[in-house]
Amino acid sequence: MSDDTAKEQLHGETLGDNIHEFATLLGEIIQEHESSDAYETVERFRRESVAYRAGDRDSREHVRADIPELETANKRILARAFLAYFELINLAEERERVRVLRANAQRGTLDDSLEAAAVELDDADAETAQQILDDILIQPTFTAHPTEAHRKTVKAKLWEIATLLETLDERTHTSTERRQLERDIEAEILGLWQTPQVRERSPEPEDEARNVQWYLSNTLFDIVPELYDEINGALEAEVTADLQLPKLFEFRSWAGSDRDGNPYVTPEVTEATLDRQRRLIIERYRDRLAEMSSVLSLDGERIDVPTEISRSVDAVDDEIPEARDEASKRYPNEPYRQKLMVMREKLNRIGDIRSGGYDSAEEFHTELETIAESLRANDCDVIAKAHVEKLMRQVETFGFTLASLDLRDHQQNHTTAVTEALAREGVDYNTLSEDERVELLTDAILQDDPVISLDSRDGLSETAVRVLRRFDQLAEWQHEYGQEAIDTYCISMTEEPSHVLEVAFLADQAGVIDAPGHSGLDIVPLLETERALSDAKRIMGTLFENDAYEMALDARGNTQEIMIGYSDSNKENGFLAANWSLYTNQRRLAEITEEHDVTLRLFHGRGGSISRGGGPMNDALKALPNSTVTGDVKFTEQGEAIAEKYGNPSIGERELEQMLNAQVSARKRALEQPTEAVEDDWFEAMETMADAARDEYRSLLNADGFVRYFGQATPIGVIEDLNLGSRPASRSGERSVEDLRAIPWVFSWTQSRCILPGWFALATGVDAYLDDGGELAVLQEMYEQWPFFRTTLDNAAQELGRTDLEIAGEYAALADDTLRERFFPRLEAEYERSVELVRAITGREHLIDRSWLRESLDRRNPYVDPLNLLQIHLLGKDERTATEEQTLRLTVKGIAAGMNNTG
């Protein structure tokens with residue numbers, strides 16, 4: 001069966017159908033609700049851009065010359081039209097992805113499938129296969145980084161269109177039903193057209209938290225049990241050994257708890273986030289119990305009801321007798337329904353002043369297990385599997401927290417708080433050396449009596465008050481919501497052991513750590529600068545040999561989580577050098593933890609874009625050094641990547657499936673070969689390339705005038721004011737590459753189609769190796785045999801393929817003549833040589849290996865071009881009206897939608 005045949009059998013639509021229908025509807029709406037003149041303007045720009053891309057026009061001069069002549073209102077309509085078009089095309093391509101997934105699943109040709117993972121497990125002996133499964137815990141961590149360009153209202157409309165499109169595509173309809181669906185889609189597109197696209201205010205942290213919670217409580221909550229069901233099916237079909245399937249996934253979040261650089265994330269915001277997450281997940285459990293009640297209507301006189309069921313109903317007499325009595329009255333001789341009704345009431349009382357609620361998710365899970373065992377004992381296995389076991393998997397995954405929160409703040413804030421708090425006790429912490437600080441903090445943690453009072457904050461700076469309040473309330477949060485609800489503290493810009501011990505000290509003063517024996521916190525250093533990564537052996541070695549920290553670590557199962565930052569590493573070193581630094585330092589971290597008999601959990605701070613660690617997650621997991629693959633892995637999911645991966649249930653399930661496939665393969669490989677075989681000359685080649693690339697990249701950033709060129713040749717000024725997220729665009733408000741956050745840095749270059757964070761200095765690095773006597777054949781061998789190098793080069797190739805230097809040159813023309821002549825030819829030469837070298841090493845004609853991505857870019861580019869030219873025109877104006885300012889912002893959103901990427 002061909003791919004097309006399988007799709008035709010499963011679906012009633014095609015990608016071409018959807019694009020044509022969307023474009024037609026949008027055109028009709030513009031004609032009817034704007035004007036024929038506006039429609040003709042949009043069509044003229046579309047036709048001219050398509051003709052140029054097709055080679056039927058010698059230049060873009062027609063488009064460039066027409067833009068200044070447009071009326072202001074038509075400029076705005078032009079931007080809105082192409083933005084709306086891309087939003088709809090994104091939905092069409094998402095639907096096509098689902099078609100391909102379903103067709104390949106039907107044909108049994110899915111790559112990176114659960115069946116393939118099961119085959120790998122069957123290839124190992126039973127003990128090793130079980131160890132692999134037991135070792136794996138995949139922890140996607142959702143963040144509130146400001147890369148989501150859509151308003152919540154717009155996302156809701158797009159979601160509704162996607163749902164209608166799915167119904168139209170996957171079901172058979174009468175003519176009347178089809179007309180109704182098409183009418184409903186038209187109505188939603190009209191609503192989309194009439195809805196403002198630009199936020200009038202920045203989203204607040206609560207908005208960002210609700211956004212993350214939506215994906216968790218809707219899409220992911222429903223995906224998880226289906227995924228486990230498929231995993232079980234794959235194991236039964238492919239593995240001869242009887243393997244037990246443990247918990248494999250856990251979801252975490254920074255939304256509402258990440259304080260680094262965001263003054264609006266207060267303790268009140270964090271508490272509200274914890275409370276809402278608990279309410280959301282309990283509501284979902286109550287709904288599931290209600291659904292199960294309609295199924296578990298078994299007659300108690302016809303089945304053997306275990307005493308655990310009847311006793312557990314009777315046992316609530318003292319605390320919630322009304323629930324027991326009502327259950328017995330409503331469901332006589334239906335023991336399971338009685339039990340479920342009492343369980344719903346116990347869920348109602350969690351966090352209530354009334355007694356009788358569940359003390360923990362484990363207690364709830366145990367009661368579900370009792371029901372499942374009873375059903376199996378009564379030969380009702382299929383009911384247990386279809387309903388009870390699915391809910392048990394959801395409880396294992398989401399607990400009563402929905403997602404555990406990570407706290408995060410900058411190390412300097414902790415140092416400030418500790419300094420000021422100790423000064424009140426007569427200790428001059430500020431003047432102590434690093435060794436003296438470590439000794440003082442260690443002694444303070446080990447002594448029984450408190451050293452400082454967290455609730456005595458009069459006279460302290462705002463920073464110190466904020467930090468001490470957070471730790472004071474952390475103990476209360478863990479008591480109220482459970483330790484697992486908020487049990488991790490990440491320290492940005494960690495560069496000294498004392499930065500970690502300061503957090504341990506504050507947690508100790510709060511009672512969250514009480515060593516030996518108890519630690520309610522994983523303390524996670526974030527190593528993101530070159531200095532910190534290179535100095536990891538000293539930092540972590542000092543901590544592992546520290547008496548106080550060793551006790552706290554032992555209480556957390558002797559597992560050390562270490563976060564590595566991809567974004568700032570790239571911004572500091574450039575693409576190639578950053579990737580090599582991350583790879584070698586991950587290996588170094590694995591050596592350090594092994595030397596001290598500590599289990600390593602790497603937390604990968606990845607962004608959505610390639611330059612910030614993005615790209616296919618399964619490829620990234622397989623490319624990690626073997627020594628770092630302990631099975632337990634954590635990584636950030638950010639911005640538009642969350643919607644892209646988890647907005648559609650089928651795609652979300654596929655993402656998790658690929659992650660699991662990659663982790664099974666990587667963990668199996670790590671057990672078989674703890675350190676991957678990498679040739680010495682490969683290491684030497686990478687060292688040479690990385691050193692030269694780093695020097696070239698830093699030379700560019702440090703060149704006189706480069707920051708001014710960046711400000712003039714990209715829309716960074718617009719992006720800083722776009723109200724994308726609740727955090728400021730820079731840490732101090734200054735315009736400098738060092739201070740600017742990595743997200744707007746990458747976003748700006750992406751907008752200008754010169755995506756240098758994803759490839760600049762690659763050619764310089766490779767040429768340095770070749771000029772030093774290196775051979776192209778060795779690089780080709782590295783690409784074929786070394787997953788790290790292959791993934792790195794493929795990612796660079798993708799960003800090269802998405803770069804358009806002709807458009808970038810138009811942006812460069814906005815810069816002062818001297819700056820343009822100084823920098824753009826340099827970027828151009830590096831790009832052209834990088835393209836040449838990537839093709840030579842990979843042996844590919846096309847930069848982008850994935851045919852669907854090439855097709856998508858070919859489809860999108862003619863429509864992104866007019867937005868770029870309109871943006872350039874508006875950026876070049878000395879003064880802009882309010883309408884032109886709004887139009888400029890619309891072009892940013894439209895280009896982001898067209899490029900399918902922000903930062």
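Counting from 1, residues in each chain are numbered in the order their sequence is written. Since the coordinates come from a predicted model, pLDDT governs what is reported: local features require at least 70, and pairs of side-chain atoms require 80 or more to be given and counted, while whole-chain, interface and lining totals use all residues. The basis for the side-chain values is all heavy atoms of the structure; hydrogens and waters are excluded.

1. A closer look at the overall build of the protein chain
Here's step 1: The number of helices and strands found in the protein chain is 39 helices and 10 strands.
Here's step 2: Scored against the burial criterion, the 903 residues of the protein chain give a buried share of 58%.
Here's step 3: In this analysis, two residues are considered to be in contact whenever any of their non-hydrogen atoms come within 4.5 Å of each other. Taking as baseline every contact in the protein chain between residues at least 6 positions apart, the subset at least 24 positions apart corresponds to 82%.
Here's step 4: Shrake-Rupley sampling with a 1.4 Å probe provides the accessible areas, and residues are treated as covered by the protein chains on show and by no other component. When the accessible surface of the protein chain is totalled, it reaches about 35,400 Å², and 43% of it is carbon and sulfur.
Here's step 5: We treat Lys and Arg as the positive residues and Asp and Glu as the negative residues; His and chain ends play no part in the count. Taken as the charge location is NZ of Lys, CZ of Arg, CG of Asp or CD of Glu. Taken as two groups, the 99 positive and 179 negative side-chain charges of the protein chain have centres that lie 5 Å from each other. Secondary structure follows DSSP: runs of H or I at least 4 residues long count as helices, runs of E at least 2 residues long count as strands, and numbering of each begins at the N terminus. Think of it in three bands: residues with accessible area under 20% of the maximum for their type are buried, residues over 50% are exposed, and the middle band is partly exposed, with areas taken using a 1.4 Å probe on protein chains only.

2. A word on the nonpolar core
Here's step 1: Counting residues in each nonpolar core, the largest one holds 116 residues, and the members touching the most others are M686, M689, Y709, W745, M782, W786 and F789.
Here's step 2: Of the residues forming this core, the biggest block, 13 residues, is contributed by helix α5 (residues 72-107).
Here's step 3: Counting residues in hydrophobic clusters, the runner-up holds 77 residues, among them F142, A209, C380 and V388. Throughout this description, the term nonpolar core refers to a set of buried Ala, Val, Leu, Ile, Met, Phe, Trp, Tyr and Cys residues connected via side-chain atoms within 4.5 Å.

3. Quick notes on the pattern of salt bridges
Here's step 1: The term salt bridge refers to a side-chain nitrogen of Lys or Arg lying within 4 Å of a carboxyl oxygen of Asp or Glu. In this structure the tally under the stated criterion is 82 salt bridges.
Here's step 2: The partner of R99 in a salt bridge is E96, and the shortest N-O contact between them spans 2.9 Å. Residue R99 and its partner E96 are both found in helix α5; the two are separated by 3 residues, about one turn of the helix. As far as burial versus exposure is concerned, R99 and E96 are alike and both buried.

4. Section: the sheet that holds strand β9 (residues 599-605)
Here's step 1: In short, DSSP must find at least two bridges between two strands for them to pair. One closed barrel accounts for 8 strands, arranged β1-β2-β3-β4-β7-β8-β9-β10; its pairing is parallel.
Here's step 2: Bridge count for strand β8 (residues 559-565) against β9 is 7 bridges, and the pairing is parallel. Residue pairing for β9: I564 is matched across the bridge by H604.
Here's step 3: Fitted lines through C-alpha atoms serve as axes, helices being fitted only where they are in contact, and the angles separating the N-to-C directions of these axes extend from 0 to 180 degrees. Of the strands in this sheet, β1 (137-142) and β10 (632-637) touch helix α28 (residues 649-672), which is tilted by about 145° from β10.

5. Quick look at the environment of T419
Here's step 1: Within the secondary structure layout, T419 lies in helix α17 (residues 411-423).
Here's step 2: In sequence terms T419 and T883 are 464 residues apart; their C-alpha atoms lie 50 Å from each other.
Here's step 3: With sequence-adjacent residues up to four places away left out, T419 is seen in contact with Y429 and N430.

6. Quick word on a negative patch on the surface
Here's step 1: There is a patch of like negative charges on the surface, built from E115, D122, D229, E230, E236 and E238.
Here's step 2: Those elements that provide at least two residues to the negative patch are α6 (114-122) and α10 (205-238).
Here's step 3: A total of 4 residues in the negative patch trace back to one element, the largest contributor, which is α10.
Here's step 4: Considering the arrangement of structural elements, one finds D122 in helix α6. Exposure above 30% relative accessible area and no salt bridge define the residues that can form patches, which grow by joining like charges within 9 Å and nonpolar side chains of Val, Leu, Ile, Met, Phe, Trp and Tyr within 5 Å.

7. Some thoughts on the packing of aromatic side chains
Here's step 1: Centres within 6.5 Å make a pair out of two Phe, Tyr or Trp rings, where for Trp the six-membered ring is used; the pair is then stacked when the planes are under 30 degrees apart, edge-to-face when over 60, and tilted otherwise. One pass over the structure, following the stated rule, counts 35 aromatic pairs.
Here's step 2: Summarising the aromatic geometry, the rings of W682 and W786 are spaced 5.8 Å apart at their centres and angled 25° between planes, so their arrangement reads as stacked. With W682 in helix α29 (residues 680-702) and W786 in the loop between α34 (776-785) and α35 (787-802), the pair connects residues that are 104 residues apart, well separated along the chain. Here W682 and W786 have matching classes, each one buried.
Here's step 3: Taking 6.0 Å as the distance between ring centres and 40° as the angle between the ring planes, the aromatic pair formed by F683 and W786 counts as tilted. Highlighted residues: F683 in helix α29 and W786 in the loop between α34 and α35, separated in sequence by 103 residues.
Here's step 4: Through a chain of ring-to-ring contacts, the aromatic side chains of F142, F221, F251, Y285, Y358, F364, F398, F400 and Y646 assemble into a single cluster.

8. Considerations on the pairing of β8
Here's step 1: Extensive coverage of β8 is indicated by the burial of 7 of its 7 residues.
Here's step 2: Across the two faces of β8 the burial is the same, with T559, E561, M563 and G565 and Q560, I562 and I564 all buried.

9. Observations concerning the packing of helix α33 (residues 762-771) against helix α37 (residues 817-842)
Here's step 1: Taken N-terminus to C-terminus, the directions of α33 and α37 make an angle of 60°; their axes are 8 Å apart at the nearest point. Overall, the two elements α33 and α37 adopt an arrangement that is oblique. Here α33 runs over α37; the crossing is left-handed. Along the contact surface, α33 presents L762, A763, T764, V766, D767 and L770, while α37 presents E830, R833, S834, L837, V838 and I841. With respect to orientation, any angle under 35 degrees is reported as roughly parallel, any angle over 145 as roughly antiparallel, any angle of 65 to 115 as roughly perpendicular, and every other angle as oblique. Left-handed describes a crossing whose near helix is turned anticlockwise from the far helix through less than a right angle; right-handed describes the clockwise counterpart.

10. Points about helix α24 (residues 566-573)
Here's step 1: Extensive coverage of α24 is indicated by the burial of 7 of its 8 residues.
Here's step 2: Of the residues making up α24, those classed as buried are Y566, S567, D568, S569, N570, K571 and N573.
Here's step 3: At the C-terminal side of α24, G574 shows a positive phi close to 90°.

11. Section: the environment of I132
Here's step 1: Note that I132 resides in helix α7 (residues 126-135).
Here's step 2: The sequence separation of I132 and L121 amounts to 11 residues, and the corresponding C-alpha distance is 8.0 Å.
Here's step 3: Other than its neighbours up to four places away in sequence, I132 contacts L121, V664, R667, K668 and L671.

12. Regarding the pairing of strand β7 (residues 522-527)
Here's step 1: Where burial is concerned, most of β7 is hidden: 6 out of the 6 residues are buried.
Here's step 2: On β7, burial covers both faces: D522, V524 and L526 on one face and I523, P525 and L527 on the other are all buried.
Here's step 3: Bridge count for strand β4 (residues 486-492) against β7 is 4 bridges, and the pairing is parallel. Counterpart to Y489 in the pairing with β7 is I523.
Here's step 4: In the sheet, β7 pairs with β8 via 2 bridges, with the strands oriented parallel. Residue L526 lies in a different strand from β8, and its bridge partner there is M563.

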